[in-house]
Amino acid sequence: NYQANFHNRKEYAQYNIRKRIFFDLSLGYCSQMAAFGNEVIDGFADLDLSVSYSVNKMFTVFARGGNLFNREMFYVQNYLEPGANFALGMYLKL
């Protein structure tokens, strides 16, 4: 039997220092869910963290990490999310 009943929740927090350095944290939780057939997908916790620095009104640099627990995650049944991932980048406002 296919069953789609599960619990999913994500919480966010942001902290800034002098409106230039921003820390973003998100923690998500998804309970165990049933998949196709008799398969059961385990629940998981998902931690994401990012830091950004606003150089001026036009230029910001950032570092971001996702799935920091490096767990197999399925927010949508039978679609595997990527493992731990990291990014560096910049924003330029024109």
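See the structure shown above.
Just so it is clear, the structure is predicted and the values come from calculations on it, not from any experiment. (Residues numbered from 1 in each chain as written. Predicted model: local features only at pLDDT ≥ 70, side-chain atom pairs only at ≥ 80, totals over all residues. Heavy atoms only, no water.)

Student: Lay out the packing of aromatic side chains in plain terms, naming residues and giving numbers.
Tutor: Going through the model one piece at a time under the given rule, you end up with one aromatic pair. Ring plane angle 25° and centroid distance 4.9 Å describe the contact between F62 and Y91, whose orientation is recorded as stacked. In this pair, F62 is assigned in strand β6 (residues 59-66) and Y91 in strand β7 (residues 85-92), connecting sequence segments 29 residues apart. Owing to a relative accessible area of 15%, F62 belongs among the buried residues under this scheme. (Phe/Tyr/Trp six-rings, centres within 6.5 Å; stacked < 30°, edge-to-face > 60°. Helix = DSSP H or I, 4+ residues; strand = E, 2+ residues; numbered from the N terminus. Buried < 20%, exposed > 50% of the residue type's maximum accessible area, 1.4 Å probe, protein only.)

Student: Before we move on, could you go through a nonpolar patch on the surface and cite the residues and values that matter?
Tutor: On the surface, Y15, I17, F23, L25, L49, V51, L68 and F86 cluster together into a nonpolar patch covering about 720 Å² of accessible area. Secondary-structure elements contributing two or more residues to the nonpolar patch are β1 (8-17), β2 (21-30) and β5 (44-54). Relative to the assigned elements, I17 resides in strand β1. Given a relative accessible area of 35%, I17 falls into the partly exposed group. (Patch = residues over 30% accessible without salt bridge, like charges linked within 9 Å, V, L, I, M, F, W, Y side chains within 5 Å. Areas by Shrake-Rupley, 256 points an atom, 1.4 Å probe, with all protein chains shown as cover. Salt bridge = Lys/Arg side-chain N within 4 Å of Asp/Glu carboxyl O.)

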